[in-house]
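What follows is each chain in one-letter form.
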Amino acid sequence: MTPPDNFTVDPWAVAEHGLDPAGLARAESVFALSNGHVGLRANLDEGEPHGLPGTYLNGVFELRPLPYGEGGYGYPESSQSVINVTNGKIIRLLVDDEPFDLRYGELRSHRRSLDFREGLLRREAEWTSPAGRTVKVSSSRLVSLTQRAVAAVDYVVEAVDGPVRIVLQSELVANEQLPGGAGGDPRAAAVLEAPLISEAHHAANRKAVLVHRTRFSGIRVAAGMDHLIEGPAGFDATAESSDDQGRVSVTTVLRPGERLRLVKFIAYGWSATRSLPAVRDQVEAALTAARYTGWDGLVAEQVAFLKDFWDTSDIEVEGDVELQQAVRFALFHVLQAGARSEERAIPAKGLTGPGYDGHSFWDTEAFVLPVLTYCLPGAVNQALRWRHTTLPLARERATQLGLAGAVFPWRTIRGEECSGYWPAGTAAFHIGADIAAAAARYTRASGDVGFEREYGLELLVETARMWRSLGHHDAAGRFRIEGVTGPDEYSAVADNNVYTNLMAQTNLRAAAEAANRHQTEAAALGVDTEEMAAWRDAAAAMFIPYDENLGVHPQADGFTDHQLWDFDGTPPEKYPLLLHFPYFDLYRKQVVKQADLVLAMQVRGDAFTDEQKARNFAYYERLTVRDSSLSACTQAVMAAEVGQLDLAYDYTAEAALMDLHDLGGNTGDGLHMASLAGACMALVAGFGGLRDHDETLAFRPRLPSGLRRLTFALKVRQCLLQVAITHSGTTYTLRRGEVLHATHDGEEIQIKAGSPVRRPTAVPPAQERCVQPPGREPARRQAHAGVTGGTVGAGPEHLAAE
């Protein structure tokens, strides 16, 4: 895709000059606002034109059937899809009875901007109606990071020439008409028409509330709005409501230079169990609190929240201002996805769009939570507690599959398996180990022993039981895990996938260690010394295949014996392969959709020698087509580790610019949270060399030629560690806490308060750049050291994002 030429480069913001009708959906995702609880796509205030209307509530979904030509035992019978709930963003403007619609009249200027330090979407427009009347419109929109049920809009219209009659219609609209689906692309969302059934509506004074219930999932949803109005004396305001609409109308006459200001407070509440009065009253209370705080108060709370976040979690990049913008954009949206999720999932698209039907995948635990662990650990606690609430469903699924313990779903909203394609869904058992690894990492990094005792232990125990029942010891005593699918979705139902086996090994060990630490709680879960010994034995005997002839690890048993994909005969327009070739053909060839064995080397680097890492990386570079947004960040991390720093730089930029440049062509469906988090990982784990396999953080810092300096901070237990890397040296500073132990290039260091530690930054020897499949090379990165106001640069145009 061609990057948008109307987005400016600014290290702290993203701004759009003018309006691109063809790029509306993309901009609606880029400028989306969320707090992990409520999500608003950046649709224009007036509602139309739009790319894809969207208002999402975390955990609100509708059921839909999963039809099969041929059914099978254990196939999920229904799926869950996120729905567009009641839209509270709409403020329609009529100028002398003509609607403010940018498709008509003359749009003299239009600008939207999102500053990551304030969390407000700002808009300024000047428009002349077909009848020749000119008005200026400005609006600011927020989704509160401190009052989780609340959003608000500050809307101002100003007359420019001649007296003009103004009508503002502030609305709540349920069951909006949505555009059709995406032509069979499995990455797109199902479109559900009119999913909400009206239960109650009310309007009085300047307030309105609508209550609906989803037709099949039975979730009650309430939405409310209240207003403050400022304008010339004599304006008139009325309120009305019907089943699917609430409206507050304000009318007045403005003379040149006069303004009409409308502050709109919006609140949402939802529940599958609480009564209509309880949910309605929750919304009324949230509106009361928001009105008491006021617009200025909400803005002040937002800025204070974000100041604290950036003061402790910023990633500073010197030498490439576009990459600096992109990584702050990434951090901001990852923050929005998890800030107030509070025992709900973090979906693959956050709450920025309906892509993947709003489902949560292993992406959350493998990519998003590692980033949040060190900058917003409370969000990780909440996300893992949500997983814990789904344990009863995961145990039921394990029993259905004839396994012990818990089998977590490949994709879900509430906890049930929603994938109708078992080779790429149920067979991807590694999600259990990904969840276990996230729980163990959180406990190590936070020191939250209470979490481990109450939640983490049970997650570890039940996933370890699953692995022990899924695998078996062969005649030689090796522990084998067969018939599973690893991260690479162009291979399926394979034996001894290296990533899966190594992650299972970690899971089994962590469960035994946690059970030993919390013996009373483990005994209550039925764990005894015999079971713990069985876990340790399985971990110690875990089979990790290795191809002696090639000197590399096969992705799974026999993978390196497969026929090579015909890369030379695959033209660019045939990517992504999943949209042009049958899975049957992909599964039996050596072609990799996304990093799999390479990801194993990142998360379990202790299982490989440096020589093996270099050989494996070079081998799989030739096979990996990156038809997934999850791949570039992992390739960046390992490219940095094996000394391919410029290649790592290229991959880092690709991950970071995935949505700003719409590299996969599907940003309009929502942002790619895992790729955004992965961009942060590429910098911190790639160029910072961070590895957190045990209690002591390890760093192997190095910088590509395109960057002058990289600085980041990590929250570790009661400490705040800052790491500043230049080409000459790396400085470790303890900004909070007394002492922290770490390693730098294998050397143990002790960082004390007031005593920064500086060590040389290693420079790996020059080496030949690894080769990728023809046409799948990452774009060579030229450092963008431009100034604020420049437009975004070119990026790779071939990438198909998952």
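What comes next is a walk through the structure. (Residues numbered from 1 in each chain as written. Predicted model: local features only at pLDDT ≥ 70, side-chain atom pairs only at ≥ 80, totals over all residues. Heavy atoms only, no water.)

What about the overall build of the chain?
- Helix and strand content of the chain: 17 helices and 33 strands.
- Here the C-alpha radius of gyration of the chain, 27 Å, is about what a compact globule of 802 residues would show, namely 28 Å.
- The buried share among the 802 residues of the chain stands at 63%.
- At a minimum sequence separation of 6, the contacts of the chain that also span at least 24 residues come to 69%.
- Taken as a whole, the chain presents about 27,800 Å² of accessible surface, with 49% of it coming from carbon and sulfur.
- Between the mean site of the 77 positive side-chain charges and the mean site of the 103 negative ones, the chain shows a separation of 3 Å. (Helix = DSSP H or I, 4+ residues; strand = E, 2+ residues; numbered from the N terminus. Rg over C-alpha atoms; globule rule 2.2 N^0.38 Å. Buried < 20%, exposed > 50% of the residue type's maximum accessible area, 1.4 Å probe, protein only. Contact = heavy atoms within 4.5 Å. Areas by Shrake-Rupley, 256 points an atom, 1.4 Å probe, with all protein chains shown as cover. Lys, Arg positive; Asp, Glu negative; His and termini not counted. Charge placed at Lys NZ, Arg CZ, Asp CG, Glu CD.)

Overview of the packing of helix α9 (residues 498-517) against helix α11 (residues 529-540)
- Put simply, α9 and α11 touch, their axes get as near as 8 Å, and they point 150 degrees apart. Relative to α11, the element α9 lies roughly antiparallel. Between α9 and α11 lies a crossing whose hand is left-handed. Contacts from Gln 505, Leu 508, Arg 509, Ala 511, Ala 512, Ala 515 and Asn 516 of α9 reach α11 at Met 532, Trp 535, Arg 536, Ala 538 and Ala 539.
- Looking at the contact of α9 with α11 residue by residue, the classes come out as eight nonpolar, two polar and two charged. (Axes fitted to C-alpha atoms, helices over the stretch in contact; angles between N-to-C directions. Parallel < 35°, antiparallel > 145°, perpendicular 65-115°, else oblique. Left-handed = near helix turned anticlockwise from the far one by under 90°. Nonpolar A, V, L, I, M, F, W, Y, C, P; charged D, E, K, R; others polar.)

Points about the side chain of Thr 731
- Along the chain, the position of Thr 731 falls in strand β29 (residues 729-736).
- Within polar-contact distance, the side chain of Thr 731 engages the side chain of Arg 758 at 3.1 Å.
- Ignoring any residue separated from it by four or fewer positions in sequence, one finds Thr 731 in contact with Gln 722, Val 723, Ala 724, Pro 756, Val 757 and Arg 758. (Polar contact = N/O pair within 3.5 Å; in protein donor to acceptor, adjacent residues only side chain to side chain.)

Considerations on the sheet that holds strand β31 (residues 747-752)
- Reading across the sheet, the three strands line up as β26-β30-β31 and stay open at both edges, with mixed pairing between neighbours. In this open sheet, the two edge strands, each paired with only one partner strand, are β26 (697-699) and β31. Taken over all neighbouring pairs, the strand axes of this sheet differ in orientation by 35 degrees on average, direction set aside.
- Direction of pairing for strand β30 (residues 739-744) relative to β31: antiparallel, over a ladder of six bridges. Bridged to His 744 within β31 is Glu 747. (Pairing = 2+ DSSP bridges.)

Brief notes about the sheet that holds strand β21 (residues 315-318)
- Pairing is antiparallel across the open sheet formed by five strands, whose spatial order is β21-β27-β28-β29-β32. Whereas interior strands pair on both sides, the edge strands pair on one side only; in this sheet they are β21 and β32 (757-760). On average, adjacent strands in this sheet sit at an angle of 15 degrees to one another, irrespective of strand direction.
- With six bridges joining them, strand β28 (residues 719-726) and β29 adopt antiparallel strand pairing. When the bridges of β29 are listed, Leu 721 appears paired with Leu 734.

Looking at the environment of Glu 513
- Turning to its location among the elements, Glu 513 is positioned in helix α9.
- The partly exposed category is assigned to Glu 513, whose relative accessible area is 45%.
- Considering only alpha carbons, one finds Glu 513 and Val 153, 360 residues apart in sequence, at a separation of 51 Å.

Examining empty space enclosed by the protein
- Per the counting criterion, the structure on display carries five cavities of 30 Å³ or more.
- A volume near 110 Å³ is recorded for the largest cavity.
- As for the largest cavity, its lining consists of 16 residues, and the residues nearest its centre are Asn 58, Gly 59, Pro 347, Gly 358 and Ile 413.
- Here the residues of the lining of the largest cavity sort into eight nonpolar, eight polar and no charged.
- Estimated volume of the second largest cavity: approximately 60 Å³.
- Lining the second largest cavity, in full, are Ala 42, Asn 43, Leu 44, Asp 45, Arg 112, Leu 121, Arg 122, Arg 123, Ser 139 and Arg 141.
- Secondary structure elements with two or more residues in the lining of the second largest cavity: β11 (120-128) and β12 (134-143). (1 Å grid on protein atoms, 1.4 Å probe; cavity = no way out; pocket = protein on both sides within 12 Å on 5 of 7 lines; lining within 4 Å. Points joined across faces, edges and corners; volume = space filled by probe spheres on them.)

A look at the packing of aromatic side chains
- Under the counting rule described, the total for this entry stands at 20 aromatic pairs.
- Linked through ring pairs, Tyr 356, Phe 361, Trp 362, Phe 367, Trp 410 and Tyr 499 together constitute an aromatic cluster.
- The ring of Phe 543 carries the charged tip of Arg 478 above its face, separated from the ring centre by 4.5 Å.
- The residue whose ring lies beneath Arg 776 is Tyr 575, and the NZ or CZ to ring-centre distance is 3.9 Å. (Phe/Tyr/Trp six-rings, centres within 6.5 Å; stacked < 30°, edge-to-face > 60°. Lys NZ or Arg CZ within 6 Å of the ring centre and 35° of its normal.)

Thoughts on the pairing of strand β1 (residues 7-10)
- The side-chain alternation of β1 yields two buried faces, one formed by Phe 7 and Val 9 and the other by Thr 8 and Asp 10.
- As paired elements, β1 and strand β2 (residues 13-17) share four bridges and run antiparallel to each other. Residue pairing for β2: Asp 10 is matched across the bridge by Ala 13.
- Linking two consecutive strands that pair antiparallel, namely β1 and β2, is a turn of two residues.

What about the environment of Ala 289?
- Along the chain, Ala 289 turns up in helix α2 (residues 276-313).
- Placed 142 residues apart in sequence, Ala 289 and Gln 147 show a C-alpha to C-alpha distance of 8.6 Å.

Some words on unusual backbone geometry
- In this model, Glu 48 is joined to Pro 49 through a cis peptide bond whose omega is -5 degrees.
- Along the chain, Pro 49 turns up in the loop between β4 (38-40) and β5 (55-57).
- The peptide bond linking Tyr 575 to Pro 576 adopts the cis configuration, its omega dihedral lying at 0 degrees.
- Here Pro 576 shows up in the loop between β24 (563-564) and α12 (583-587).
- A positive phi angle is found at Asn 205, which is not glycine, with a value near 55 degrees.
- Relative to the assigned elements, Asn 205 resides in the loop between β15 (196-204) and β16 (207-214).
- The class of Asn 205 is exposed, set by a relative accessible area of 70%.
- Positive phi is not limited to glycine here, since Asn 496 has a value of about 55 degrees.
- Mapped onto the fold, Asn 496 is located in the loop between β23 (479-480) and α9.

Points about the nonpolar core
- With 219 residues, the main nonpolar core has Ile 166, Ile 315, Trp 362, Leu 372, Phe 687 and Phe 699 as its most contacted residues.
- One finds Val 150, Val 263, Val 283 and Trp 295 within the second-largest nonpolar core, a separate group that totals 20 residues. (Core = buried A, V, L, I, M, F, W, Y, C linked by side-chain atoms within 4.5 Å.)

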